[in-house]
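Spelled out from the first residue to the last, the chains are:
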Amino acid sequence: MPVKRWIDSRLAHFLNSPHFGVQETGRRPQLLLALVFLVMEGAIGCSPQSAPGPVEDSQTSGRISVVCAPEAASLITRERSAFHDLYPQASIQVTVGRSREAIRALFAAECDLAVITRELTTEERAAAVRGKLGLEGYRFARDAVVTVVSPANPVENLSVDDLAKVYRGEITRWSQLGGRDLAIDPVAQPPVSDITEYFIAQVMGGEAMTAKAFQAESDSAVVATVASHPGAIGYLSLAWAERGVRALRLSSLKGLNYQKPDLEAVYKGDYPLTRFYNFYMRSRGPKAAAGFITFVTSMEGQAMVHEAGLVPTAVPVRFVRRSPMLGTH
């Protein structure tokens, strides 16, 4: 017999019994009645009818999972919180993983959205074609890989070629670059990190770093190491470029203008080591994933990109006039 029907029958029997309403020295009728109501409350509370129904997949509701590159994780977490405040029916789970891992998870349908700090590689595009996997990509921020030194270091400018020679161990003293006769101490982030993969591809031409270098696990660790070593040089994301260290101006080739990694140079792509942060989703992915992308690329979402120290890509940006670039060391 169903629980509710059994309770109803027992309650009816009790109410019709001769003991109901009769004063007794004991408290059994009152206790039994209380127990009946407690059982009814528990039975009703456990009813399958009280379970929440499925959440509709729409631009503003539904459940999606995101794998996000570490450098973008804090920004995406803030964007998710703002999106959820506006649309409480949207649930976004964010897992941190390198860009390579994020794309692998997207290809394997283990996530709905990949957030990466680069473009798709040739191999990844080919794999998508072979697997007949339709992808949609959206740029939502510009970043720069910035070369930083101690504020006490007098060197202002560096070419990308000289930077590569520093990390190959071919240039070992600052006097070779117009500075003091002081040893150069390179600082490198982990080889498997997105930023180091970018640095190796764009600065080292795909060659490994062979100079003896300090190891730093993150942008903040690079700042701490460079700030405490007068001869150190390191690389990090634009958002960390002004936190106790000084950014060098870079030129893509000797003889060309040296560009400071300010917001305008990064926005226009003039700074040599500029990269995009991208969303990638499957063409037939959840509508909630598209809704989250729409929010991040909106005026409000792009304002958060700017607050994070990155450069918006989806809204107009106005800059103050820059100072002239220095042309020599």
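Keep in mind that this is a model prediction, so the values were computed, not measured.

Chemist: How do you make sense of the overall build of the protein chain when you look at a structure like this?
Modeler: Secondary structure assignment for the protein chain yields eleven helices and twelve strands. Buried positions account for 43% of the 329 residues belonging to the protein chain. Put simply, of all contacts in the protein chain between residues at least 6 apart along the chain, 73% involve residues at least 24 apart. Total accessible area on the protein chain is roughly 17600 Å²; 55% of this is exposed by carbon and sulfur atoms.

Chemist: What exactly am I supposed to notice about the pairing of strand β4 (residues 135–149) here?
Modeler: Every other side chain in a regular strand lies on the same face of the sheet, so the side chains alternate between the two faces. One ladder, built from nine bridges, connects β4 with strand β11 (residues 274–282); its direction is antiparallel. In the sheet register, L135 faces β11, and the bridge partner there is R282. Bridge count between β4 and strand β8 (residues 232–237): five bridges; the pairing is antiparallel. Bridge assignment links V146 to a residue of β8, and that residue is L236. Looking at chain direction, β4 and strand β9 (residues 246–247) are connected through two bridges and run antiparallel. Following the sheet pairing, V149 is matched in β9 by R246.

Chemist: Whenever I open this one, the pairing of strand β2 (residues 90–96) confuses me. Can you help?
Modeler: In terms of strand pairing, strand β1 (residues 62–68) meets β2 through seven bridges, oriented parallel. Across the sheet, the residue bridging to R63 is S91, located in β2. Once you follow β1 into helix α3 (residues 70–86) and on to β2, the crossover reads as right-handed.

Chemist: When you look at the packing of aromatic side chains in this model, what are you seeing that I'm missing?
Modeler: To describe a pair of aromatic rings, one takes the distance between the centres and the angle between the planes. Taken as a whole and judged by the stated rule, the model has nine aromatic pairs. Judged by centre distance (5.0 Å) and plane angle (65 degrees), the ring pair of Y167 and F199 falls under edge-to-face. Placement of the pair is Y167 in helix α6 (residues 160–168) and F199 in helix α7 (residues 194–202), with a sequence separation of 32 residues. Ring-pair connections join several aromatic residues into one group, and the members of that group are F83, Y87, F140, Y277, F279, F292 and F295. Over the ring of F276 we find R139; its NZ or CZ atom is 3.6 Å from the centre of that ring. The ring of W240 carries the charged tip of R243 above its face, separated from the ring centre by 4.0 Å.

Chemist: What is the right way to read the packing of α3 against helix α10 (residues 287–296) from this model?
Modeler: The angle between the axes and the distance between the axes are what describe a pair of packed helices. Here α3 crosses α10 at 105 degrees, and the two axes come no closer than 10 Å. Relative to α10, α3 is oriented roughly perpendicular. Residues I76, E79, R80, A82, F83 and L86 of α3 form the contact with α10, whose own contacting residues are G291, F292, F295 and V296. Residue composition of the contact of α3 with α10, grouped by class: seven nonpolar, one polar and two charged.

Chemist: I tried to follow the pattern of salt bridges on my own but got confused; where do I start?
Modeler: Pairs can form between side chains of opposite charge whenever their charged atoms are close. Inspection of every chain in the model, using the stated rule, returns 17 salt bridges. R168 is the salt-bridge partner of E170, the closest N and O atoms lying 3.0 Å from each other. Residue classification places E170 among the partly exposed positions, given a relative accessible area of 46%. Its relative accessible area of 22% is what places R168 among the partly exposed residues. One network of salt bridges, in which partners are shared, links R98, R100, E101 and E197.

Reading the values: the criteria
Residues numbered from 1 in each chain as written. Predicted model: local features only at pLDDT ≥ 70, side-chain atom pairs only at ≥ 80, totals over all residues. Heavy atoms only, no water. Helix = DSSP H or I, 4+ residues; strand = E, 2+ residues; numbered from the N terminus. Buried < 20%, exposed > 50% of the residue type's maximum accessible area, 1.4 Å probe, protein only. Contact = heavy atoms within 4.5 Å. Areas by Shrake-Rupley, 256 points an atom, 1.4 Å probe, with all protein chains shown as cover. Pairing = 2+ DSSP bridges. Right-handed = clockwise from strand over helix to strand, strands pointing away. Phe/Tyr/Trp six-rings, centres within 6.5 Å; stacked < 30°, edge-to-face > 60°. Lys NZ or Arg CZ within 6 Å of the ring centre and 35° of its normal. Axes fitted to C-alpha atoms, helices over the stretch in contact; angles between N-to-C directions. Parallel < 35°, antiparallel > 145°, perpendicular 65-115°, else oblique. Nonpolar A, V, L, I, M, F, W, Y, C, P; charged D, E, K, R; others polar. Salt bridge = Lys/Arg side-chain N within 4 Å of Asp/Glu carboxyl O.

Keep in mind that these numbers describe shape and distance, not what the molecule does.
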